[in-house]
Amino acid sequence: MAIVTIGACQGCGACLLTCPVHAIRPTAGGLRVTDRCTGCLECLEICPVDAIRVEPEPRGER
């Protein structure tokens, strides 16, 4: 599994609409990926400004 983070978001909302498990939530500081994320990476593919990053999960986690 990967850790998905959102950085330079422009607020278009494409990832919110694309996420099949609704793991992306709006917050006061932007968007947050919740633990519901399955790592499907649909959000990564749809983001027009490449604001979504995937980081390998640290070993020993899970």
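Above this text you will find the structure in question.
Here, residues in each chain are numbered from 1, in the same order as that chain's written sequence. With pLDDT at 70 or above as the cut-off, local features in this predicted model cover only qualifying residues; side-chain atom pairs require 80 or more to be listed or tallied, and sums for whole chains, interfaces and linings still use all residues. The side-chain numbers reported here are obtained from all heavy atoms of the structure, hydrogens and water having been left aside.

Quick look at the overall build of the protein now. The helix and strand labels rest on DSSP assignments: H or I over at least four residues marks a helix, E over at least two residues marks a strand, and numbering proceeds from the N terminus. Across its full length, the protein carries two helices and four strands. Along the protein, from the amino end to the carboxyl end, the secondary structure elements read β-α-β-β-α-β. Partly exposed residues are those whose accessible area sits between 20% and 50% of the maximum for their type, while under 20% is buried and over 50% is exposed, using a 1.4 Å probe and protein chains only. Residues classed as buried in the protein amount to 21% of the 62 residues present. Within the protein, contacts between residues at least 6 apart in sequence are counted, and of these 58% link residues at least 24 apart. For the protein, the accessible area works out to roughly 4400 Å², and carbon and sulfur atoms hold 51% of it. Any two residues whose heavy atoms approach within 4.5 Å are treated as being in contact. Exposure was quantified through the Shrake-Rupley algorithm and a 1.4 Å probe, taking into account, for residues, occlusion by the shown protein chains and nothing else.

In this section: unusual backbone geometry. With a phi close to 55°, H22 is a non-glycine residue in the positive phi region. Along the polypeptide, H22 turns up in the loop between α1 (14-18) and β2 (24-27). Since its relative accessible area comes to 46%, H22 is described here as partly exposed. Unlike most non-glycine residues, D50 shows phi in positive territory, near 50°.

Take empty space enclosed by the protein next. We place a 1 Å grid over just the protein atoms. Points where a 1.4 Å probe fits but has no way out form a cavity, open points with protein on both sides within 12 Å along at least 5 of 7 lines form a pocket, and any residue with an atom within 4 Å of a point lines it. Grid points are joined across faces, edges and corners, and a volume is the space filled by probe spheres set on the points. Counted under the stated rule, the structure contains two cavities of 30 Å³ or more. Counted as a void, the largest cavity has a volume near 90 Å³. Around the largest cavity sit 13 residues that line it, and C19, C37, G39, C40 and C43 are the ones nearest its centre. Looking at the lining of the largest cavity residue by residue, the classes come out as 10 nonpolar, two polar and one charged. Space inside the second largest cavity adds up to approximately 80 Å³. Lining of the second largest cavity is provided by 13 residues; of these, C9, C12, C15, C47 and I52 occupy positions nearest its centre. Residues that form the lining of the second largest cavity fall into these classes: 11 nonpolar, two polar and no charged. Gly counts as polar in this scheme, as do all residues outside two lists: the nonpolar Ala, Val, Leu, Ile, Met, Phe, Trp, Tyr, Cys and Pro, and the charged Asp, Glu, Lys and Arg.

On the secondary structure map, T34 appears in the loop between β3 (30-33) and α2 (42-46). Judged by its relative accessible area of 11%, T34 falls in the buried class. Once residues within four sequence positions are removed from consideration, T34 is found in contact with A23 and R25.

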